[in-house]
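Fold and geometry: a report
Listed below, chain by chain, are the residues.
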Amino acid sequence: MIEILLVVVIIGVASAVAVPVFARSFRGAKLRSSTRTILMVHRHAQSKAVLGQRYMAILFDERKGTLELIDQGQPGGMQDSFFGDVGGEGGGMGDTVSGADAPAAGEASSGLPTVLVRKLEEGVKILSFRGGRTYDDIYYVNYFPNGMCEAYAVEIGDEEGRRAEIRVDPVTGKAKVKRE
């Protein structure tokens, strides 16, 4: 009887130590999963652009917590989801769109084909976005047939205050992740 009681006490102590460690691990899993989702969509956009010789774009929707990969067409026939024809007026890095040229509220890809839509994990939000283009809470990044993209950095965070920043180099397309 004493041996059984000793085994139960040992199991209780072990579980008291292990449960908080597992709980922290599971809470951080949402942020890691969302980071992997952003990296996956980035790589998918880059490979679709190069292999299909097409212009692609990623729309980061802050309100919905989604990433949408858009096919903008082949060189010479590219249509920009928010900013009109490529090479037209405006459309520089960091441009903000407003007024008559802006899409209607809730309109995402303006009729261009959506290749992929992914949602960030529940409780994970886009905290900041630098580079690319902006309209309201939608951030927009172009990917080119030569494998390059517009430079951008997106910071995401969870309910526990953990953060991760994904920075993408425009020339190499390499993404770097910094976690806090």
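For the structure, check the block above.
Below you will find a few notes about this structure. If you're wondering where the values come from, they're calculated on a predicted model, not measured in any experiment. The residue count restarts for each chain, going from 1 along the sequence in the order it is written. The model is predicted, so local features are restricted to residues of pLDDT at least 70 and side-chain atom pairs to those at 80 or more, both for listing and for counting; the totals for chains, interfaces and linings are taken over all residues. Hydrogens and water molecules were not included; the side-chain quantities draw on all heavy atoms of the structure.

1. As for the pairing of strand β10 (residues 163-168)
If a strand is regular, its side chains alternate between the two faces of the sheet. Only strands that DSSP links by at least two bridges are regarded as paired with each other. Strands are runs of DSSP state E lasting at least 2 residues, helices are runs of H or I lasting at least 4, and numbering of each runs from the N terminus. By the bridge criterion, six bridges tie strand β9 (residues 152-157) to β10 in an arrangement that is antiparallel. Paired with E155 across the strands is E165, a residue of β10. Between β9 and β10, which pair antiparallel and follow one another directly, the connecting turn spans five residues, one of which, G161, has a positive phi of 90 degrees. Examined bridge by bridge, β10 and strand β11 (residues 175-179) share five bridges and lie antiparallel to one another. Within the sheet, the bridge partner assigned to V168 lies in β11 and is A175. Here β10 folds back onto β11, and the loop between the two strands holds six residues, one of which, G173, carries a positive phi near 75 degrees.

2. Overview of the side chain of T35
Mapped onto the fold, T35 is located in helix α1 (residues 2-52). The contact criterion used is simple: two residues touch if any of their non-hydrogen atoms lie within 4.5 Å. Ignoring sequence-local partners within four residues, the contact set of T35 consists of I156, A164, I166, V177 and R179.

3. Observations concerning the nonpolar core
We call a set of buried Ala, Val, Leu, Ile, Met, Phe, Trp, Tyr and Cys residues a nonpolar core when their side-chain atoms join them within 4.5 Å. Exposure classes here rest on a 1.4 Å probe applied to the protein chains alone. A residue is buried below 20% of its type maximum, exposed above 50%, and partly exposed in between. Ranked by size, the top nonpolar core spans 26 residues in total, and within it I38, I58, F60, Y143, Y152, V154 and I156 carry the most contacts. Of all the elements in the fold, those that place two or more residues in this core are α1, β1 (55-61), β2 (66-73), β6 (125-131), β8 (138-143), β9 and β10. When residues in this core are grouped by element, the largest group, six residues, is from α1. When neighbours within four sequence positions are excluded, V154 is seen to be in contact with I38, F60, I126, S128, F129, A164, E165 and I166.

4. Points about the sheet that holds strand β7 (residues 133-135)
The strand order across the open sheet formed by five strands is β5-β2-β1-β8-β7, and the pairing between neighbours is antiparallel. Looking at the sheet topology across the chains shown, the edges are occupied by β5 (114-119) and β7. Each neighbouring strand pair of the sheet contributes to a mean axis angle of 20 degrees, computed without reference to strand direction. Two elements, β2 and β5, share five bridges in a ladder whose sense is antiparallel. Across the sheet, residue L67 finds its bridge partner in β5, namely R118. Taken strand by strand, α1 contacts β1, β2, β5 and β8, and its axis lies near 170 degrees from that of β5. In this description, a line fitted to the C-alpha atoms serves as the axis of each element, helices being fitted only across the stretch in contact, and the angle between N-to-C directions of two axes falls anywhere from 0 to 180 degrees.

Geometric values such as these leave the question of function open.
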